[in-house]
Amino acid sequence: MTLAPLLSAPLAVQIHVAAALAAIAAIVPLAIYRKGASTHRWLGWIAAAGMGLTALSSFAIRELNHGSFSWIHILSVIVLISLIRGIIAIRRREVRAHMWIMASTAVSGLGVAGAFTFMPYRLMWRIFFG
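Here's what I pulled together on the structure shown here. Computed from a predicted model, the values in this text were never measured in an experiment.

A look at unusual backbone geometry
Of note, the phi angle at Arg93 is positive, near 65°, even though the residue is not glycine. With respect to the helices and strands, Arg93 occurs in the loop between helix H4 (72-91) and helix H5 (95-116). Look at Tyr121: it is not a glycine, yet its phi comes out positive at around 75°. Assessed through its relative accessible area of 67%, Tyr121 is described here as exposed.

What follows is the structure, given as structure tokens:
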């Protein structure tokens, strides 16, 4: 494992990776802590901010499609809309809707999209497998 590919990547990519890692780091304990407690709320804000910044920073990353937006950017738009919907749901005290929206956003936005970064010769592949 080497961080050289990340350290030599453009700033937008570095921000994208850092935001995704912050979101993941906050999401894991969210599953453990009591829902509605202050710990859950501030970890939720960290996770939402991380996912939002990850989605926003993706618009500056266009290497996959030779300078143009790619299909993955559709997911970024969906993540941003879903984050807003999830926040609105909890403010309306629609707990089940909030839980479903935020969980599915994390799984699709970080899990599925993150899995694609491990495709051969992409950045995470190069970091972990040379």
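Notes on the nonpolar core
Grouped together as the largest cluster of nonpolar side chains are 14 residues, with contacts concentrated most on Met51, Val79, Leu83, Met102 and Leu110. Taken together, the elements giving at least two residues each to this core come down to helix H2 (11-30), helix H3 (38-58), H4 and H5. No other element matches the five residues that H5 contributes to this core. Discounting residues that sit within four places of it in the chain, Leu110 has contacts with Ala20, Ala23, Ile24, Ile27, Met51, Thr105 and Ala115. Among the nonpolar cores identified, the runner-up in size contains nine residues, and Ala9, Ala12, Val13 and Met124 belong to it.

Digging into H2
Counting along an α-helix, one turn takes 3.6 residues, and residues three or four places apart therefore face a common direction. Taking 1.5 Å per residue as the helical rise, H2 with its 20 residues ought to reach 28 Å, and the 29 Å between its terminal C-alpha atoms agrees with that figure. Along H2, the residues classified as buried are Ala12, Val13, Val17, Ala19, Ala20, Ala23, Ala26, Pro29 and Leu30. Those residues of H2 that are buried lie in contact with helix H1 (4-7), H3, H5 and helix H6 (123-129).

Quick look at the side chain of Thr54
The residue Thr54 is located in helix H3 in this model. Note on Thr54: relative accessible area 8%, which makes it buried. Of note is the side chain of Thr54, whose polar atom sits 2.6 Å from the backbone oxygen of Gly50. Once residues within four sequence positions are removed from consideration, Thr54 is found in contact with His16, Ala19 and Ala20.

Conventions and cut-offs
Along each chain, the written sequence defines residue order, and numbers are assigned to residues from 1. Where local features are concerned, this predicted model is filtered to residues with pLDDT of at least 70; where side-chain atom pairs are given and counted, the filter is 80 or more; whole-chain, interface and lining totals use all residues. Side-chain figures throughout are based on the complete set of non-hydrogen atoms in the structure, without hydrogens or water. Strands here are runs of E lasting at least two residues and helices are runs of H or I lasting at least four, both read from the DSSP assignment and numbered beginning at the N terminus. Exposed residues in this analysis have more than 50% of their type's maximum accessible area, buried residues have under 20%, and partly exposed residues fall in between, with area computed by a 1.4 Å probe over protein chains only. For this analysis, a nonpolar core means a set of buried residues of the types Ala, Val, Leu, Ile, Met, Phe, Trp, Tyr and Cys, connected via side-chain atoms within 4.5 Å. Any two residues whose heavy atoms approach within 4.5 Å at even a single point are treated as in contact. What a helix should span is 1.5 Å times the count of its residues minus one. Polar contacts here mean pairs of N or O atoms no more than 3.5 Å apart (in protein, one a potential hydrogen donor and the other a potential acceptor; neighbouring residues in sequence count only if both atoms are side-chain atoms).

Fair warning: the whole summary comes from geometry, so function is off the table for now.
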